[in-house]
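Now for the letters of each chain:
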Amino acid sequence: MKFARTIAALALGAMASVSMAFPAAAQDLIVIITPSHDNPFFKAEAEGAKARAEELGYTTQVYSHDDDANKQNELIDSAIAAGAKAIILDNAGADASVAAVQKAKDAGIPSFLIDREINATGVAVAQIVSNNYQGATLGAEAFVEAMGETGNYVELVGKESDTNAGIRSAGYHDVIDQYPDMVMVAQQSANWSQTEAFTKMESILQANPDIKGVIAGNDTMAMGALAALEAAGRNDVIVVGFDGSNDVRDAILAGKVHATVLQPAYRQAQWAVELADKYLKEGSTGMDEKISMDCVLIDESNAGDLETFALAD
Amino acid sequence: MSNATATAKSGSTDNTSVLLLLLKLRTFIALIVVTLFFALMAPNFVSVANAIIISKHVAINAILAIGITYVILTGGIDLSVGSIVGLTGMVAGGLLAHGLQLPMLGIIIYPNVLEVVCIALLVGTAIGAINGLLVTKLGVAPFIATLGTLYVARGAALLLSGGATFSNLVGKEELGNQGYPIIGSGNVLGIPVSIVILVVLALVAAYVAQRTPFGRKVYAVGGNERAAALSGVRVDRIKIAVYMISGFCAAVVGLIVSSQLVASHPASGETFELNAIAAAVLGGTSLSGGRGLIGGTIIGAFVIGVLSDGLVMMGVSEFWQMVIKGLVIIAAVVLDQLQRRLAASNG
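Conventions we followed
- Throughout, a residue's number is its position along its own chain's written sequence, starting from 1.
- Whichever chain is written first is A, and whichever ligand is written first is 1; the rest continue in order.
- It should be noted that, the model being predicted, local features are given only for residues of pLDDT at least 70 and side-chain atom pairs only at 80 or more, the latter also being counted only at that level, while totals for whole chains, interfaces and linings use all residues.
- Calculation of side-chain values draws on the structure's entire complement of heavy atoms; hydrogens and water are dropped beforehand.
- When DSSP finds two or more bridges between a pair of strands, those strands are recorded as paired.
- Helix numbering and strand numbering both begin at the N terminus, where a helix is a DSSP run of H or I of at least 4 residues and a strand a DSSP run of E of at least 2.
- As a rule, the C-alpha atoms of each element are fitted with a line to give its axis, helices using only the stretch in contact, and angles between N-to-C directions run from 0 to 180 degrees.
- Only heavy atoms matter for contacts: two residues are in contact if any of them lie within 4.5 Å across the pair.
- Defined here as a combined quantity, buried area equals the accessible surface (1.4 Å probe) lost by two parts on assembly, summed across both.
- By convention in these notes, a salt bridge is any Lys or Arg side-chain nitrogen within 4 Å of a carboxyl oxygen on Asp or Glu.
- Side-chain atoms alone can form a polar contact between residues adjacent in sequence; in general such a contact is a pair of N or O atoms within 3.5 Å, and within protein one must be able to donate a hydrogen while the other accepts it.
- For patch detection, residues must exceed 30% relative accessible area and be free of salt bridges, and they are connected within 9 Å for like charges or within 5 Å for nonpolar side chains (Val, Leu, Ile, Met, Phe, Trp, Tyr).
- Here, Shrake-Rupley sampling with a 1.4 Å probe gives the accessible areas, and only protein chains in the shown set may cover a residue.
- Any two of the Phe, Tyr and Trp rings considered here, Trp counted by its six-membered ring, make a pair once their centres fall within 6.5 Å; the pair's planes then place it as stacked at under 30 degrees, edge-to-face at over 60, or tilted in between.
- Burial classification: accessible surface area is computed with a 1.4 Å probe over protein chains only, and a residue below 20% of its type maximum counts as buried, one above 50% as exposed, and the rest as partly exposed.
- Here the nonpolar core consists of buried residues drawn from Ala, Val, Leu, Ile, Met, Phe, Trp, Tyr and Cys, with membership extended through side-chain atoms lying within 4.5 Å.
- Marked domain ranges trace back to an automatic or database domain assignment.

S.K.: Explanation requested: the sheet that holds strand E7 (residues 182-189) of chain A in the structure shown.
M.R.: All names here are of chain A. In space, the 4 strands of this open sheet follow the order E7-E6-E8-E9, with parallel pairing throughout. Two strands lie at the open edges of the sheet, namely E7 and strand E9 (238-240), each paired on one side alone. Strand-to-strand twist across the sheet, computed as the mean angle between neighbouring axes with direction ignored, equals 20°. Two strands pair when backbone bridges link them, and strand E6 (residues 151-157) and E7 are joined in this way by 7 bridges, in the parallel orientation. For Tyr-153, the partnering residue across the bridge sits in E7 and is Met-184. Along the sheet face, helix H5 (residues 132-146) touches E6, E7, strand E8 (213-216) and E9 and points at about 175° away from the line of E8. This element, helix H6 (residues 163-176), spans E6, E7 and E8 of the sheet and lies at about 165° to E6.

S.K.: Honestly, the interface of chain B and chain A in this entry has me stumped. Any pointers?
M.R.: Think of interface size as the accessible area that goes away when the parts come together; that is how it is often given. Counting residues at the interface gives 32 residues for chain B and 23 residues for chain A. Carbon and sulfur atoms make up 54% of the area that chain B and chain A hide from each other, which totals about 2,200 Å². Together, Leu-261, Val-312 and Glu-318 of chain B form the three largest contributors to the area buried by chain B at its contact with chain A, with a combined 26%. Here chain B is connected to chain A by 2 salt bridges. Residues Lys-56 of chain B and Glu-202 of chain A are paired through a salt bridge, measuring 2.7 Å at the closest nitrogen-oxygen approach. Counting across the chain B and chain A interface gives 12 residue pairs in polar contact (both at pLDDT 80 or more). Residue assignment for the side of chain B that touches chain A shows that the elements contributing at least two residues are helix H4 (48-73), helix H7 (142-161), helix H12 (235-261), helix H14 (294-314) and helix H15 (318-345) of chain B. With 5 residues, the top contributor of residues to the side of chain B that touches chain A is H4 of chain B.

S.K.: Teacher, can you tell me more about a nonpolar patch on the surface here?
M.R.: Residue and element names in this part refer to chain B. A grouping of Val-18, Leu-19, Leu-22, Leu-25, Phe-28, Ile-29, Ile-32, Val-33 and Leu-36 is seen on the molecular surface, where their side chains present a nonpolar patch of about 760 Å² in accessible area. At the level of elements, helix H2 (14-24) and helix H3 (26-41) are the ones that each hand at least two residues to the nonpolar patch. Looking at the nonpolar patch element by element, the count peaks at 5 residues for H3. Assignment of secondary structure puts Ile-32 in helix H3.

S.K.: I'm lost on the packing of aromatic side chains in this one. Help?
M.R.: In this description, a pair of aromatic rings is defined by centroid distance and the angle of the planes. In this structure the tally under the stated criterion is 6 aromatic pairs over all chains. Centre to centre, the rings of Phe-37 of chain B and Phe-38 of chain B are 5.2 Å apart; their planes meet at 75°, and the pair counts as edge-to-face. For Phe-37 of chain B, a relative accessible area of 40% puts it in the partly exposed group. Here the aromatic cluster, defined as three or more aromatic residues joined through ring pairs, consists of Phe-41, Phe-42 and Phe-309 of chain A.

S.K.: Is there a simple way to explain the nonpolar core in this structure?
M.R.: Generally speaking, a soluble globular protein has its nonpolar side chains buried in company with each other. Ranked by internal contacts, the top residues of the largest apolar core, which has 88 residues, are Phe-38, Ile-63, Leu-64, Ile-66 and Tyr-180 of chain B. Element by element, the count of residues in this core is highest for H4 of chain B, at 14 residues. Counting 41 residues, the second largest nonpolar core, distinct from the first, contains Val-214, Leu-226, Ala-228 and Phe-309 of chain A.

S.K.: Whenever I open this one, unusual backbone geometry confuses me. Can you help?
M.R.: Backbone geometry follows two general trends: most residues other than glycine have a negative phi, and most peptide bonds adopt the trans configuration. A positive phi is found at Val-262 of chain B, a non-glycine position, where the angle reads about 50°. Relative to the assigned elements, Val-262 of chain B resides in the loop between H12 and strand E6 (263-264).

S.K.: What is the right way to look at the domain arrangement of chain A in this model?
M.R.: All names here are of chain A. Partitioning chain A into domains gives domain 1 (9-130 + 265-293) and domain 2 (132-262). For domain 1 and domain 2, the distance between their C-alpha centroids amounts to 33 Å. In this complex, domain 1 contributes 6 residues to the contact, which on the side of domain 2 involves 5 residues. Here domain 1 meets domain 2 over a buried area of about 500 Å², counting both sides, of which 37% is carbon and sulfur. Counting the surface domain 1 buries against domain 2, the share from its top three residues, Phe-41, Arg-116 and Ser-130, is 51%. On inspection of domain 1 and its partner domain 2, the count reaches 1 salt bridge. Measuring nitrogen to oxygen at the nearest pair gives 3.7 Å for the salt bridge that ties Asp-162 to Arg-116.

S.K.: How should I be thinking about the sheet that holds strand E3 (residues 86-89) of chain A in this particular structure?
M.R.: All names here are of chain A. Here we have 6 strands laid out as an open sheet, ordered E2-E1-E3-E4-E5-E11, and parallel in their pairing. Because the sheet does not close on itself, it has two edges, and the strands there are strand E2 (59-64) and strand E11 (290-293). Adjacent strand axes in the sheet meet at a mean angle of 15° when their direction is disregarded. Note that strand E4 (residues 111-114) and strand E5 (residues 126-130) share 3 bridges and pair parallel.

S.K.: Would you mind going over the side chain of Ser-55 of chain B with me for this structure?
M.R.: All names here are of chain B. With respect to the secondary-structure elements, Ser-55 resides in helix H4. Since its relative accessible area comes to 15%, Ser-55 is described here as buried. A distance of 2.7 Å separates a polar side-chain atom of Ser-55 from the backbone oxygen of Ala-51. What Ser-55 contacts, discounting residues up to four positions off in sequence, is Ile-195 and Phe-302.

Here's what the structure looks like:
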């Protein structure tokens, strides 16, 4: 009797575990691919997309291509093999990614691009991009105003092979160059890196001690420059960044950084998932392929409302 | 001195021996040449403040290169140092920001800065020991063993925070863990702490290499491993020790870098190993082992450091900086080969 009960329990248990295993596989999969999560910006993107997709009843797989177009290509192969229903992608290069996205399309998997564009249309279903140029002009205007429209400044540029590094720099200069008394005494790439921005800023400070401001292509470089300025006892230099990270938010609230520009990464990724959901259910997103999201200037007036690349309403 | 002896040996090769001397001093001459060049070309290059800044930047690479020189002297290589820089920085940052969490006991211990430093140094040395054990006891080629730990340590650094940065590592008074930024931005008699660390490590490393039995064994293992083993050197122990030294040096750099930024970033230290190997090679360390000096490595690190800082101060683009650095490394190795051939033919 006791034995039979044990058998029955075991059988029930086995059935339960089998039936547990199946519904998960039957759910639709969304694959999310972004650059490395060691940058909190991309981590926020991935988390935003994952959270929204799971709310909408999808299973998710989150990967990072580490800005390596070849690795991205392999990840898309894996997504195709895994039978993904849609891909949310922050790509590894405007030209280098076209073929991989096309491959997904040929396999019947729609791609929804965020943050960075690709140099082709009709391949991805949607490309939602922050308006980096508009954001850069916002940052530059705040920078010029804080500088009093005059003085020597330094620009730290992002990785020069990255499209956004060039767009942001162009946006900065289209504003700043209108003021003849604003003089750029040094322009260096610090490859988006905090460590590199720190060492380069220290050297630049030696060559040009008479600087009044630093404008950086992203927040990690702004934080590196800030550390170098603080080490040199220069608390008078105006620093402006780009991205809207929590570190720079805290520095703004502490009065160390003047301003940054928020790209709504979290919201953008969520929106891409919503469009994917609509496309899968209705066959169309109902919107143009290219969608631009405006950036927001963050300074001491609104920094308190910023959390993980999202501004509280 | 060596010029005089060479001349005494054979008067007919006078020109060759002068050339040989110049080649021997090539790294030092290169350092003088690049320094003079930037003194003329870069604004405000010649100043005490700039010399200190350059030395501070060089310290990071030179400390790594000291450890790597020991490994290369035994005929090995250590590719994992950059990742150890990242991991030890993250260990220190994590302990300062979030403490040592023991969920089993439900407590969080906040070690003070000295304890944090010791733990980070232990972690670095332990990874070095793993490298050494892989190379000796399991017979894995040093290139592959340390390539493996390069990935493992980098992955571990990312896992510690889920990829995030530990920032604002100033400590809290109530936790008793203040003072971490001193390593990166503090001064001793006007000299930054990182430079003091470099000087102390370089002197100790040079003394150990030249004047102790351990140092002689390191050279012996790299010169001819079999002969060393036959004459009673415990080769495995020497090899494990040099990887531990390298791991320790990398941990020191991990602490300096994260302390300078008052933040630990898991990707910190990427490609540092290549700069350190370049410094050792520039300084005349032979990649096949048995030949090289700590002093040469330090000068090699200064050549690279003066070059990169000077180019930044001149406003040269990042792309040209890379090209120039590469050409200097190639030139150094070509000159090294030339010197060896000349020395061989000169008897």
